[in-house]
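Tertiary structure, described
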Amino acid sequence: MKEVNVNINGADASTYPIFIEEKLIETADEYLKKYCNASKYLIITNEKINSLWGEKLKVQNSEKFIIPDGETYKNFETLISILDKASELKMDRKSAFIAFGGGVIGDITGFAASIYRRGVDFVQIPTTLLAQVDSSVGGKTAVNNSYGKNLIGSFYQPKIVLADTNTLATLDERQIKTGFAEVVKYSFIEKSCGKNFNLFNFLYDNISEIKKLNLNYINEVVEICCKLKASVVNKDERENGLRAILNLGHTYGHALEKISNYEIFTHGEAVAAGLQVCFDLSLALGLISDDYYDKAAELINLFEFNLPEHPYYTPEKIAEAMKFDKKVQNGKVRFVLPTGTGEVNIFDNIDKDLLFKILK
Ligand SMILES: NC(=O)c1ccc[n+]([C@@H]2O[C@H](COP(=O)([O-])OP(=O)(O)OC[C@H]3O[C@@H](n4cnc5c(N)ncnc54)[C@H](O)[C@@H]3O)[C@@H](O)[C@H]2O)c1
Ligand SMILES: [Zn+2]
């Protein structure tokens, strides 16, 4: 059994475990009793996940609430429906919400838990690779509004995360790849996270087994990624500084998603393209060696992210969209850029002409 601990410091200090293994949903009750012990559970999921895996997740004293599938439903209307359901079921302050699904379910359920009765316990059971390596860890919760993505939310940590890697078997190829983009990202930032697992070489050496989702390798990949994210979140929960390194590839990625109205690319496809742009910028700025650039580009290529055609793309549009990214500080576009193997730094003085040259 793989276990990673998250230790949040500061005013709302907390510690919780992430368990990573196959068949965890079958035995979820044991963990819930030990780490949550709620009077009643409200499982929030969608029809797709419920039909694939719902039978296997057995939780005593629980009710299930099905929300519609998709990013467009990560909104206030769905949030209210969750809160109303909890009220209708008379869930009290000792009850808990369980997010059973991908990042969309995790984000909205976490936010609902943070405000229902001024906060009830919540549990993450992530079922996508992206959710297992990224969104279920670190306590960012959110919904979207008409002004943009994730603009409304809270920092609210779960009591426990159960990452059952068996559930990844039913994901389609694009959803797997969107998770792999975040995994590759971690391999470029691990030293800056304060760790050295040599994830880059682990991915490189075992690429075919990893792409086949051989769980002997995937469990290890998920564990390393959770350790890296936990290490960052432990030091900087609220993104006052260090946590921004997790956004490698995201300044460009978010811009690409935005100008294509979130309809053409998965998040990971956009991030994968963003990783390449960051390496191009770093090389042009002389921050990394040709050798590291080539190795990084090769690893990105090995995962075959296959970006869909994107007719929306122009350097002007991308640059414009970047200005509205939430990572903008003082009107300057911030880039996390590689500075060496496993190392990155934050730059907010990127020359506009250079950026345009790279984007072209
Ligand atoms: N909170 C954070 O720190 C954080 C970090 C990264 C991303 N996010 C958020 O996460 C969301 C993206 O998450 P995602 O990529 O998991 O998308 P998602 O939750 O939309 O899931 C992708 C698709 O896979 C389906 N699915 C889920 N589990 C499945 C399974 N086991 N088998 C088959 N299908 C399955 C879902 O129903 C959905 O159709 C975005 O809203 C993003 O903003 C949050
Ligand atoms: Zn991301």
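Section: the overall build of the protein chain
Check the secondary structure of the protein chain and you find 14 helices and eleven strands. Scaling as 2.2 N^0.38, a compact globule of 360 residues should have a C-alpha radius of gyration of about 21 Å, and the protein chain matches this with 20 Å. Based on the C-alpha atoms only, the size of the protein chain along its principal axes is roughly 60 × 40 × 40 Å. Across the 360 residues in the protein chain, those meeting the buried criterion constitute 45%.

Describing the site of ligand 1
If you check the shell around ligand 1, you find 29 residues, and the closest are Gly102, Gly103, Val104, Thr128 and Ser135. Secondary-structure elements contributing two or more residues to the shell around ligand 1 are helix H2 (47-53), helix H4 (103-115), helix H5 (129-135), strand S8 (148-155) and helix H6 (173-189). Here the shell around ligand 1 is built from residues that sort into seven nonpolar, 14 polar and eight charged. When residues of the shell around ligand 1 are assigned to domains, at least three map to each of domain 1 (2-171) and domain 2 (174-359).

Focus: the domain arrangement of the protein chain
With domains assigned, the protein chain is organised as domain 1 (2-171) and domain 2 (174-359). In this complex, domain 1 contributes 27 residues to the contact, which on the side of domain 2 involves 24 residues. Looking at the side of domain 1 that touches domain 2, the elements with two or more residues in it are strand S1 (2-8), strand S2 (14-21) and H5. For the side of domain 1 that touches domain 2, the element with the most residues is S1, which contributes six residues.

Section: unusual backbone geometry
The residue Asn150 is not glycine, and still its phi comes out positive at about 55°. When the 16 C-beta atoms within 10 Å are taken as the criterion, Asn150 is described as partly exposed. You will see that Glu239, though not glycine, has its phi angle at about 55°, which is positive. Take Glu239: it is sitting in the loop between helix H9 (215-235) and helix H10 (250-259).

Examining the sheet that holds strand S5 (residues 96-101)
Read from one edge of the open sheet, seven strands run S1-S2-S9-S6-S5-S3-S4, paired in mixed fashion. Single-partner strands in this sheet number two, and they are S1 and strand S4 (62-67). Between one strand axis and the next, the sheet turns by 20° as a mean value, whatever way the strands run. Sheet topology note: the S1/S2 ladder contains seven bridges and is antiparallel. Within the sheet, the bridge partner assigned to Val4 lies in S2 and is Ile18.

Quick notes on the environment of Phe279
Here Phe279 lies in helix H11 (residues 267-284). Ignoring any residue separated from it by four or fewer positions in sequence, one finds Phe279 in contact with Tyr293, Ala296, Ala297 and Pro338.

Quick look at the pairing of strand S3 (residues 41-46)
Most of S3 is tucked away, with six of its six residues classed as buried. Here S3 shows two buried faces, one formed by Tyr41, Ile43 and Thr45 and the other by Leu42, Ile44 and Asn46. The handedness of the S3 to S4 crossover, carried by H2, is right-handed. In this structure, S3 lies alongside S5, joined through four bridges in parallel fashion. The residue bridging Ile44 from the neighbouring strand is Ala99, located in S5.

Details of the nonpolar core
The nonpolar side chains of a soluble globular protein tend to be buried with one another. Counting residues in hydrophobic clusters, the biggest one holds 103 residues, and the most contacted among them are Ile44, Phe97 and Ile98. The residues that make up this core include at least three from each of domain 1 (2-171) and domain 2 (174-359). The contacts of Ile98, once residues within four sequence positions are left out, are Tyr41, Leu42, Ile43, Ile44, Val59, Val123 and Ile125.

Examining the packing of H10 against H11
Running from N to C, H10 and H11 cross one another at 135°; their axes reach a closest spacing of 7 Å. Between H10 and H11, the crossing angle belongs to the class labelled oblique. When the axes of H10 and H11 are compared, the crossing they make is right-handed. Of H11, the residues touching H10 (which contributes His250, Thr251, Tyr252, Gly253, Leu256 and Glu257) are His267, Ala270, Val271, Ala273, Gly274 and Val277. Here the contact of H10 with H11 is composed, by residue class, of six nonpolar, five polar and one charged.

Re H10
With nine of ten residues buried, H10 lies mostly within the body of the structure. Taken together, the buried positions of H10 are occupied by His250, Thr251, Tyr252, Gly253, His254, Ala255, Leu256, Glu257 and Lys258. For H10, the elements touching its buried residues are H11, helix H13 (315-323) and strand S10 (335-340). Count one or two residues on from H10 and you reach Asn261, which has phi positive near 60°.

Regarding the environment of Tyr116
Examined against the element boundaries, Tyr116 turns out to sit in the loop between H4 and strand S6 (121-126). With 17 residues separating them in the primary sequence, Tyr116 and Ala99 have C-alpha atoms 14 Å apart. For Tyr116, the residues in contact, after removing those within four places along its chain, are Leu83 and Ala86.

Conventions adopted
- Residues numbered from 1 in each chain as written.
- Chains lettered and ligands numbered in written order.
- Predicted model: local features only at pLDDT ≥ 70, side-chain atom pairs only at ≥ 80, totals over all residues.
- Helix = DSSP H or I, 4+ residues; strand = E, 2+ residues; numbered from the N terminus.
- Rg over C-alpha atoms; globule rule 2.2 N^0.38 Å.
- Buried ≥ 20, exposed ≤ 12 C-beta atoms within 10 Å, placed from the backbone.
- Near = placed C-beta within 6 Å.
- Nonpolar A, V, L, I, M, F, W, Y, C, P; charged D, E, K, R; others polar.
- Domains from an automatic or database assignment.
- Contact = placed C-beta atoms within 7 Å.
- Pairing = 2+ DSSP bridges.
- Axes fitted to C-alpha atoms, helices over the stretch in contact; angles between N-to-C directions.
- Right-handed = clockwise from strand over helix to strand, strands pointing away.
- Core = buried A, V, L, I, M, F, W, Y, C linked by C-beta atoms within 7 Å.
- Parallel < 35°, antiparallel > 145°, perpendicular 65-115°, else oblique.
- Left-handed = near helix turned anticlockwise from the far one by under 90°.

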